[in-house]
Amino acid sequence: MNKQNIVIIDYGVGNTHSVSNAISYLGYKKLKISDSEEQIKKADALILPGVGAYEEAIKNLRVRNLEDLLNEEVLVKKKPILGICVGMQMLSEGSEENGWHKGLNWMKGKVKKLELPEKFAIPHVGWNNISIGNKEPMFNRIENDSNFYFDHSYYFDCADDIMAAWCDYGKKVTAAVQKDNIFGVQFHPEKSQTNGLKFFRGFLNSI
Amino acid sequence: MLKKRIVANVVVKDGIVVQSINFKKYLPVGKAAIALEFLNNWGIDEIILTDISASKKNAEPDFEQIRKATLKCHVPLTIGGGITKIEHIKEMMHCGSDKISLNQAAIKNPKLITEAAHIFGDQCIVVSVDAVKTDKGYRVYDYVTGKTIDTSPADFCFKAQELGAGEILINSVDRDGSYQGFDLELINSVCDKVKVPVICCGGAKNANDFIQALTKTNASAICAANFFHFTEHSVNTTKANILKETKVRLETHADYNECSFDSELRLKKKDDITLEEMLFIKIEKEII
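Everything numeric in this text was worked out from a predicted model, so none of it was measured.

Draft legend 1. The arrangement of the overall build of chain A in detail. Each helix and strand counted, chain A has 6 helices and 13 strands in total. Here the C-alpha atoms of chain A give a radius of gyration of 16 Å, agreeing with the 17 Å that 2.2 N^0.38 yields for 207 residues. Relative to its full complement of 207 residues, chain A shows a buried share of 55%. Pairs at least 24 residues apart make up 71% of the contacts formed inside chain A by residues separated by at least 6 positions.

Draft legend 2. Main features of the sheet that holds strand β7 (residues 110-113) of chain A. All names here are of chain A. Spatial ordering of the open sheet is given by β6-β5-β7-β10, a layout of 4 strands whose pairing is mixed. Strands with a single pairing partner mark the edges of an open sheet, and in this sheet they are β6 (101-102) and β10 (154-157). The pairing of strand β5 (residues 94-95) with β7 spans 2 bridges and is parallel. Residue pairing in the sheet places Gly-94 in a bridge with Lys-110 of β7.

Draft legend 3. Fine view of the interface of chain A and chain B. Between chain A and chain B, the residue contacts involve 39 residues of the former and 35 residues of the latter. A per-class count over the side of chain A that touches chain B returns 14 nonpolar, 18 polar and 7 charged.

Draft legend 4. Layout of the sheet that holds strand β2 (residues 31-34) of chain A. All names here are of chain A. Reading across the sheet, the 9 strands line up as β2-β1-β3-β4-β13-β12-β11-β8-β9 and stay open at both edges, with mixed pairing between neighbours. Unpaired on one side and paired on the other, β2 and β9 (147-152) mark the two borders of the sheet. Each strand axis lies, on average, 25° off the axis of its neighbour in the sheet, ignoring direction. Here strand β8 (residues 124-132) runs beside strand β11 (residues 163-168); their pairing, made up of 3 bridges, is antiparallel. What sits directly across from Ser-131, in β11, is Trp-166. Each of β1 (6-9), β2, β3 (45-48) and β4 (81-84) touches helix α1 (residues 16-25); the most contacted strand, β2, lies at about 175° to it.

Draft legend 5. A look at the pairing of strand β5 (residues 77-80) of chain B. Residues and elements named next belong to chain B. Residues Leu-77 and Ile-79 of β5 are buried on one face, and the alternating residues Thr-78 and Gly-80, pointing to the opposite face, are buried as well. Strand direction decides the pairing type here: strand β4 (residues 46-51) and β5, joined by 4 bridges, are parallel. Bridged to Thr-50 within β5 is Gly-80. Handedness of the β-α-β unit built from β4, helix α2 (residues 63-69) and β5 comes out right-handed. Here β5 pairs with strand β6 (residues 99-102) via 3 bridges, running parallel. In the sheet register, Ile-79 faces β6, and the bridge partner there is Ile-100. Viewed along the sheet, the connection from β5 through helix α3 (residues 86-93) into β6 turns out right-handed.

Draft legend 6. The environment of Asp-155 of chain B, seen in detail. When you line up the elements, Asp-155 of chain B lands in helix α6 (residues 153-163). The spacing of Asp-155 of chain B and Thr-50 of chain B is 105 residues in sequence and 23 Å in space, taken between C-alpha atoms.

Draft legend 7. Examining the packing of helix α8 (residues 207-216) of chain B against helix α10 (residues 234-243) of chain B more closely. Residue and element names in this part refer to chain B. For the pair α8 and α10, interaxial distance at closest approach is 9 Å and the crossing angle is 50°. One finds that α8 runs oblique with respect to α10. Considering the relative orientation of α8 and α10, their crossing is right-handed. Here Ala-207, Phe-210, Ile-211 and Leu-214 of α8 come into contact with α10, specifically with Thr-238, Asn-241 and Ile-242.

Draft legend 8. Expanded view of the pairing of β3 of chain A. All names here are of chain A. Here β3 shows no split at all, with Ala-45 and Ile-47 on one side and Leu-46 and Leu-48 on the other all buried. Both β1 and β3 contribute to a ladder of 3 bridges, which runs parallel. Counted as the bridge partner of Ile-6 is Ala-45 from β3. Pairing of β3 with β4 involves 3 bridges; the strand directions are parallel. Its bridge partner being in β4, Leu-46 is matched across the sheet by Ile-81.

Draft legend 9. The nonpolar core, seen in detail. All names here are of chain B. Ranked by size, the top nonpolar core spans 158 residues in total, and within it Ile-47, Ile-168, Ile-170 and Cys-200 carry the most contacts. The element contributing the most residues to this core is strand β1 (residues 5-13), with 6 residues. When neighbours within four sequence positions are excluded, Cys-200 is seen to be in contact with Ile-170, Phe-182, Ile-187, Ala-213, Thr-217, Ala-219, Ile-222 and Cys-223.

Draft legend 10. Region of the structure containing unusual backbone geometry. With an omega dihedral of 5°, the bond running from Ile-122 of chain A to Pro-123 of chain A counts as a cis peptide bond. Position of Pro-123 of chain A relative to the elements: it lies in the loop between β7 and β8. Residue Pro-137 of chain A follows Glu-136 of chain A across a cis peptide bond; omega there is -5°. The phi dihedral of Asn-98 of chain A is positive, around 50°, even though this residue is not glycine. Relative to the elements of secondary structure, Asn-98 of chain A occurs in the loop between β5 and β6. For Asn-22 of chain B, which is not a glycine, the phi torsion comes out positive at approximately 55°.

Quick notes on the rules
- Residues numbered from 1 in each chain as written.
- Chains lettered and ligands numbered in written order.
- Predicted model: local features only at pLDDT ≥ 70, side-chain atom pairs only at ≥ 80, totals over all residues.
- Helix = DSSP H or I, 4+ residues; strand = E, 2+ residues; numbered from the N terminus.
- Rg over C-alpha atoms; globule rule 2.2 N^0.38 Å.
- Buried ≥ 20, exposed ≤ 12 C-beta atoms within 10 Å, placed from the backbone.
- Contact = placed C-beta atoms within 7 Å.
- Pairing = 2+ DSSP bridges.
- Nonpolar A, V, L, I, M, F, W, Y, C, P; charged D, E, K, R; others polar.
- Axes fitted to C-alpha atoms, helices over the stretch in contact; angles between N-to-C directions.
- Right-handed = clockwise from strand over helix to strand, strands pointing away.
- Parallel < 35°, antiparallel > 145°, perpendicular 65-115°, else oblique.
- Left-handed = near helix turned anticlockwise from the far one by under 90°.
- Core = buried A, V, L, I, M, F, W, Y, C linked by C-beta atoms within 7 Å.

Below, the structure written as structure tokens:
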């Protein structure tokens, strides 16, 4: 246990240090924040963190020549990857944030602006309880209705078969997606206190 | 359902956490790392760390200190103070920050809001506004020059939102450290004007003030600074009291729902028999 090589992919705009704080708190020693090909190839699991606008995030990923490398590692070698927030949104076909931008296209669905009834403020910021549709593996230590921290203005509009969890904010908002070895969460587990730490433990134990 | 947030503002001056009174008087509290760790353990929903000396001294943010302070903070953290360019924000994101707050930049260089929102997303940019009451109504206050600006906080915040701010932090200078409760009129004037979430700050004395702000304004988050520093478990006891009136997140092991509070909403001592029985209860530390 705790022996996996975990790489938090550094593409310039993510809150990499927050994610690393949370995972190293759980005792994972072989943890790197990196964009190097060598480290990513050696990793047992990848984390694609996110705080950023879609265009900037995906552009940065491409500028650092990470797209082909990640396609190889994730789609061919089937390495587990967890996208967080905009990191999760990048797994989609693309996003309409500040014009249309093509994503990694690993999962069906598009990222769209939250269109909500009048009294709902945008961005969707704060702690919201999630409904879990698929407990394994991401939520195997998490009770249904637990609170997680969200902070976003756009959401992943995806089909029900890949939606692992959702929350209610004036509409059904995708909270987590999964397909084979590809996982993503809209909320920030690194910032969701004990629930977030339990989430990471569940996810990392499963790989 | 989205819960309203209870937020702590940790004010740092010259590297030390301080209690601020009316933006004039400062009393030392301690180290930022310890304040953040304890607030985190007591179940705070979010923390704002504000360095009030950086802009005054024209200094860059103290990245090394921030990196150390954030190690045990697993809740959302907004950092402000001395941010004047995009590179500062990039570096903040590598120091454990999740959002940044702009105060001086919003006054002097509002273009930075737009530029930053374009790169980091609007959800990452908090614009922090200090307000004073004048005979012309509420006005924006510049804490570096100590002067008021001839714009109402509501108009200023609306402009910030149009420029790309994802959240507004409205702070009442008059109520700062006064224990007089939140300025509900000021908060409502801003909430009526903007669509983005509003965090209000300044004047909290006890849980009742939080309840007032939560039920009588549309603020998404209620923030206090001094109030949280001086009692053990201040966050969960406050939340336990708020929960009797309205909904907030309370998921810590100690939820205080069986406890009684006095008229000032301070925790009352349990009776001796209960305390004696409690001596033999072993609370296992939760292993994650």
